[in-house]
Amino acid sequence: SSGINAEWPLRPGFEGMGKSKKPELKPESEAIQVIIRCRPLGSKEIHDSRKSCVNVDKSRGAIEVTKPGSSEPKTFSFDKVYGPSSTQDEIYKEVFHILVDSVLEGYNGTIFAYGQTGTGKTHTMQGDAKNPGVIPRSFHQVFDAIKESTGKEYLVRASYLEIYQDDIRDLLSKDHKKKYELKETPDSGVSVKDLSSFVVKSVKEIEHVMNVGNNNRATAFTDMNDRSSRSHAIFITTIENCQIIGGEDKIRVGKLNMVDLAGSERQSKTNAQGERFKEATKINLSLSALGNVIKALVDGTSTHIPYRDSKLTRLLQDSLGGNSRTVMVANIGPADFNYDETITTLRYANRAKNIKNKPKINEDPKDALLRQFQSEIERLKKMLESRGSSAPGGSGDKKEKSTDCDSALIPLL
């Protein structure tokens, strides 16, 4: 349930561990959470007589990977690990539910899926009608919490973008191939200039936004994936809440970034040609830039973090080392054919778990839409009162028109 007492699980051995502080207190630094999800062998892998080289030990949080022809496995430990039999519901409840809770309280949160192409990143993030993934499940959690809440007003906005060949596109724009620029402000950090944002008042409305964006996203066939994502996609849910404390309106704004990264690719395995090869090159370059940022954040000697090396790393600047609670889901496949790629993903994820963020509640930001709507309501009320006082009937007309003003605008809140 959404609540101010929700505890954010912090990894033992890092500064500021144990129970997270109440939102009114300044939180200490937190290590990002890293979880591993291993999908089952695919039908093509079974047809080709591939064997599993991965063992998942959920109780120990350990992944063992054995190189073909060897008997000595390499072992990696993470916050949580999930094997081929894991379910969408299990993972969401154990990992993501508490993060979405904290966004409802005014923290920024980021969930991003990383891994080789064809390992189930989009399945984890999007899922399907029978097995919805992280993004649609978060919609239900958000609106269920709002429905149960008392004493607060909420405003929820949704945006959806993709980074295709290092160009930013608005997946909700009529011209979804138009290129957008980044902007940076002290208050809101790095964001996309003129990115469309839709106020949504129900699960149905925000699911419609997601479906429109999904239909516009760049995908294509490769030898490793029938529907390979050719871009990085970020679904952004912004949740504003207003509560009267001490006679004053207090507004908090939490932003949830849900990131489905395009998978790393080897041309020798995907047989990407022409435009597909060009896309793969750009995907690998941006993932390499992400790896360089992670390396610089954890090596302890870097004085410069290369966020500006790609659009992806700039957009994830707060998520990696900044003002956000972050969960990284590293997706792997079990087939011995992909041993090298699996080891690479696990090493990447193992390094990422040492990143520390400094999340804080975002209180009374200047760009809060709730504040703008409240100001507009007050302006219209005064305008109607002014008209009512000078019209025949005086206060009776004024009261009726003021009520009409409220009923017209409050649904936006």
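Before any of the text, the structure's been laid out above.
Here is what the cut-offs are and how they apply
- Residues numbered from 1 in each chain as written.
- Predicted model: local features only at pLDDT ≥ 70, side-chain atom pairs only at ≥ 80, totals over all residues.
- Heavy atoms only, no water.
- Helix = DSSP H or I, 4+ residues; strand = E, 2+ residues; numbered from the N terminus.
- Buried < 20%, exposed > 50% of the residue type's maximum accessible area, 1.4 Å probe, protein only.
- Contact = heavy atoms within 4.5 Å.
- Areas by Shrake-Rupley, 256 points an atom, 1.4 Å probe, with all protein chains shown as cover.
- Salt bridge = Lys/Arg side-chain N within 4 Å of Asp/Glu carboxyl O.
- Axes fitted to C-alpha atoms, helices over the stretch in contact; angles between N-to-C directions.
- Parallel < 35°, antiparallel > 145°, perpendicular 65-115°, else oblique.
- Left-handed = near helix turned anticlockwise from the far one by under 90°.
- Nonpolar A, V, L, I, M, F, W, Y, C, P; charged D, E, K, R; others polar.
- Phe/Tyr/Trp six-rings, centres within 6.5 Å; stacked < 30°, edge-to-face > 60°.
- Lys NZ or Arg CZ within 6 Å of the ring centre and 35° of its normal.

Another aspect to go through is the overall build of the protein chain. Along its length, the protein chain carries 11 helices and 18 strands. The buried share among the 413 residues of the protein chain stands at 49%. At a minimum sequence separation of 6, the contacts of the protein chain that also span at least 24 residues come to 70%. If you sum the accessible surface of the protein chain, you get close to 19900 Å²; carbon and sulfur atoms cover 49% of it.

Turning our attention to the pattern of salt bridges. With the rule as written, the count across this model stands at 19 salt bridges. For E105, the salt bridge goes to K152, with nearest N and O atoms at 3.6 Å. Of this pair, E105 sits in the loop between α2 (88-104) and β7 (109-115) while K152 sits in the loop between α4 (134-148) and β8 (153-164), placing them 47 residues apart in sequence. Across the salt bridge formed by R217 and D260, the nearest N and O atoms sit 2.8 Å from each other. Of this pair, R217 sits in the loop between α5 (203-216) and β13 (219-222) while D260 sits in strand β16 (residues 248-260), placing them 43 residues apart in sequence. Counted as one network, the salt bridges with shared partners bring together E105, K152, R252 and E363.

Attention now moves to the packing of α2 against α4. For the pair α2 and α4, the least separation of the axes is 10 Å and the interaxial angle reads 50°. In terms of orientation, α2 lies oblique with respect to α4. Note on packing geometry: the crossing formed by α2 with α4 is right-handed. Contacts from Q88, D89, Y92, F96, H97, V100, D101 and L104 of α2 reach α4 at V134, R137, S138, Q141, V142 and A145. When the residues that make up the contact of α2 with α4 are grouped by side-chain class, the tally is seven nonpolar, four polar and three charged.

Bringing the packing of aromatic side chains into the picture now. Per the stated rule, a full pass over the model turns up four aromatic pairs. Centre to centre, the rings of Y92 and F96 are 6.1 Å apart; their planes meet at 45°, and the pair counts as tilted. Here the residue Y92 and the residue F96 both occupy positions in helix α2, the gap between them amounting to four residues, near one helical turn. For Y92, a relative accessible area of 5% translates into the label buried. Geometrically, the ring pair formed by F139 and F235 is tilted, given 5.3 Å between the ring centres and 50° between the ring planes. Residue F139 is located in helix α4, and its partner F235 is located in strand β15 (residues 232-245); the two are separated by 96 residues in the primary sequence. Among the residues examined, F139 registers a relative accessible area of 2% and is labelled buried. Residue class for F235 comes out buried when judged on its relative accessible area of 1%. Chaining the aromatic ring pairs together yields one cluster made of F139, Y160 and F235. One cation-aromatic arrangement involves K178 over Y180; the distance from NZ or CZ to the ring centre is 5.2 Å. The lysine or arginine in question, K353, covers the ring of F78, its NZ or CZ lying 5.3 Å from the ring centre.

The values reported here are purely geometric and, on their own, carry no functional implication.
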